[in-house]
Amino acid sequence: MTRNSLTRYASQMDRRTLLTAAASAGLSPLFVAFRPARATLPMARLAVRLEARTGHAQLLDAGEPRTSIWGYNGTVPGPTIRIARGGEIEATLVNGLDEATTIHWHGVHIDNAMDGVAHLTTPLTEPGATFDYRFHVPHAGTYWYHPHAHRAMQQGRGLYGLLVVEEREHVAVDRDLALVIDDWRLENDGSIETRSLAGLHDAAHAGRLGNVITINGQPLAQFPVRRHERLRMRLCNTCNARSLELRLEDVAVQLVAIDGMPVPPMALADGRIDLPPGGRADIVVDVTGAAGTLAAVTEVSHQRLVLGHLAVAAGAPTREQRLDTPLLLPSNGVPLPDLRDDPLVFDLRMEGGAMGGMPEIEVHGKRMDLREAARRHRMVWAFNGKADAHDAPVFKVKSGRPVAIRIDNATAWPHAMHLHGHHFVAIQRSTGALRPWLHDTLLMGRRETATLAFVAGKPGRWMLHCHMLEHQMSGMSCYFEVEA
C-alpha cells in the first residue's frame, strides 16, 4: 500500500467509520430495566502474591491421572485479579521454578519498565528470587498475564492467569463469568509431552497444538445458569498456537468488547466467536433454554468439539422473559489514529517457515543459510530478513504521533500479531471487510497483507511479535521505541 493510498484510507476511515465508532463508544451505557448489586465493590488498590511453581490439575476426565503443571500459586489458571479501572496493582512475583521467569501484563497500557519482557524492559527473576511489579490499569476490560522469558515454553506448562479491570460505571448483567481456554499436548498417562516444547518442527509449521482443550483448567467444564439470566462472559485464548473458533449453542449472544476494548454491540446469530492466541472477547449471553437443558460451548474449527456446558438449573427463571436489549460498554477513551497527521509508516515483511522459500536469514548480524540458522540458532522465521531482531529498534517514533505498520505475511502460515503497550485499528486487509475495532492481537492469514494503525503511547521499547509462541521464539519478534 502506498502512502497516497494510506492517506485515502485515513480520510475514509477517520471521517466515516472510526469517528462514528468513537462517538458510539462514548455514549452512556445502555442499561436494561434491572440493577443487580455487586457482590463486592472492585478494589482501587490491590496487592497480590504470584508464586510461579509446580502444581497439579485434572486436565483429563475424572478418574484419569492428574497432570503436573506449572502455575501461579500452583493452579491453572492462576488467580484471577480483579480491580477497578484506574486502580493500582502491586504484584510480587516469587519464582519457585528452577529457571528464570517474568510476568507480562498482556493488553495493559503499562509503564514500559513493568512490561515484563526479558532482556528488553524488565530483568529476569532468577530461581528463588522475587520481583515487585507496580502499575496502574488505565482501561477497563479483559486482560491476562503470562511469562515473557525466552525459556522452554513456560506458558505451555500452565503459567497464566486472567486480569479483569472493572468499569467504574455499573454494567447491567446478572453475573460475570470468565472462560480461560487452553490446549494441552498430553501423554497417555496425563503428563505434559515435553519432547516437542520449543521444537523446531512445530515452530516451522503451525506451532505447538495440543490434543486436549480445557476451560478454566477443566475438561467439559459445567457452568450452572438460570433461564433468562443475562451473563457477561469473558473469553480468553491462552493456547500457545491454536486459533479458536468458538460457538455457544442454544443461547442469545452479543459481542461487546474485543481485547478489552468496547465495540458497538453486535448480535451473533450463530453464536460464533473467533479468537487468535492471546485474544479476548467479552460477550453478553442471554440464557434461553428450559430448566434442565444444556447449552454447549463448542470449538468448530475442524469438527464440533464440546468443551463445556451452560447447565440450566431447575426452578424459577431469573425473570419472566429473556432480555433482548443491546448492552453498550462505556468508552475507554483510547485515541484513534488520524493518519492525515504526518504518520510514521513502517513496512514489515514476514518470511520463513516451512514452504517459505527464504534462502537466507540474518541472525545476530550474520547472514546465513536457513538450514544453518535452524541448526545453530533454532531460528526459522524473519521480519524484514532478520530473525529475533532485538539488537536495535526497527523504528523510533515520538509519543503521540500516529503510526501505520504495513504488514506483508509472505509465509504459508497464519500469524497472530501482538503489539505490546498499545491497541491498534486494522485500516486495510487484503482478505476482506474492515471493522473499526481496537485490537492488541490480530490473526493474519497466510499471504495476507494488512495495515495496522495506532497512536504511539508511553515512552519505551515495545515488542511486536507473533503470539504463536513457537514462531516468536524461533525468530518472529522485534521491537520499536517510543520517545518522549
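Residues numbered from 1 in each chain as written. Predicted model: local features only at pLDDT ≥ 70, side-chain atom pairs only at ≥ 80, totals over all residues. Heavy atoms only, no water.

Trainee: Would you mind showing me how to read the side chain of Asp282 here?
Mentor: Within the secondary structure, Asp282 sits in strand S17 (residues 280–287). Overall, the relative accessible area of 1% leaves Asp282 in the buried class. Here the side chain of Asp282 touches Thr142 through a polar contact of 2.8 Å, side chain to side chain. What Asp282 contacts, discounting residues up to four positions off in sequence, is Thr142, Arg232, Met233, Arg234, Gln254, Leu255, Val256 and Ala257. (Helix = DSSP H or I, 4+ residues; strand = E, 2+ residues; numbered from the N terminus. Buried < 20%, exposed > 50% of the residue type's maximum accessible area, 1.4 Å probe, protein only. Polar contact = N/O pair within 3.5 Å; in protein donor to acceptor, adjacent residues only side chain to side chain. Contact = heavy atoms within 4.5 Å.)

Trainee: Looking at this model, I keep getting lost on the side chain of Ser477. Mind explaining?
Mentor: Examined against the element boundaries, Ser477 turns out to sit in strand S33 (residues 477–483). Contact partners of Ser477, with chain neighbours within four places excluded, come to Phe383, Asp388, Ala389, His390, Met463, Leu464, His465 and Gln472.

Trainee: What should I look at first to understand unusual backbone geometry in this one?
Mentor: Negative phi is the rule for most residues except glycine; trans is the rule for most peptide bonds. Looking along the chain, the bond that leaves Val76 and enters Pro77 is cis, with omega of -10°. For Pro77, the position within the fold is in the loop between strand S2 (67–72) and strand S3 (81–84). In this structure, Arg447 is a non-glycine residue whose phi angle is positive, near 65°. Tracing the backbone shows Arg447 in the loop between strand S30 (441–444) and strand S31 (449–455). Judged by its relative accessible area of 49%, Arg447 falls in the partly exposed class.

Trainee: So what exactly am I meant to see when it comes to the pairing of S31 here?
Mentor: Successive residues of a regular strand alternate their side chains across the two faces of the sheet. Counting buried positions over the 7 residues of S31 gives 5, a clear majority of the element. Of the strand pairs in this sheet, strand S26 (residues 402–409) and S31 are connected by 7 bridges, and their pairing is antiparallel. Among the inter-strand pairings, Pro402 is bridged to a residue of S31, identified as Val455. For strand S28 (residues 424–429) and S31, the ladder comprises 4 bridges, and the chain directions are antiparallel. Bridged to Val425 within S31 is Ala453. (Pairing = 2+ DSSP bridges.)

That's the geometry; what it means functionally is another story.
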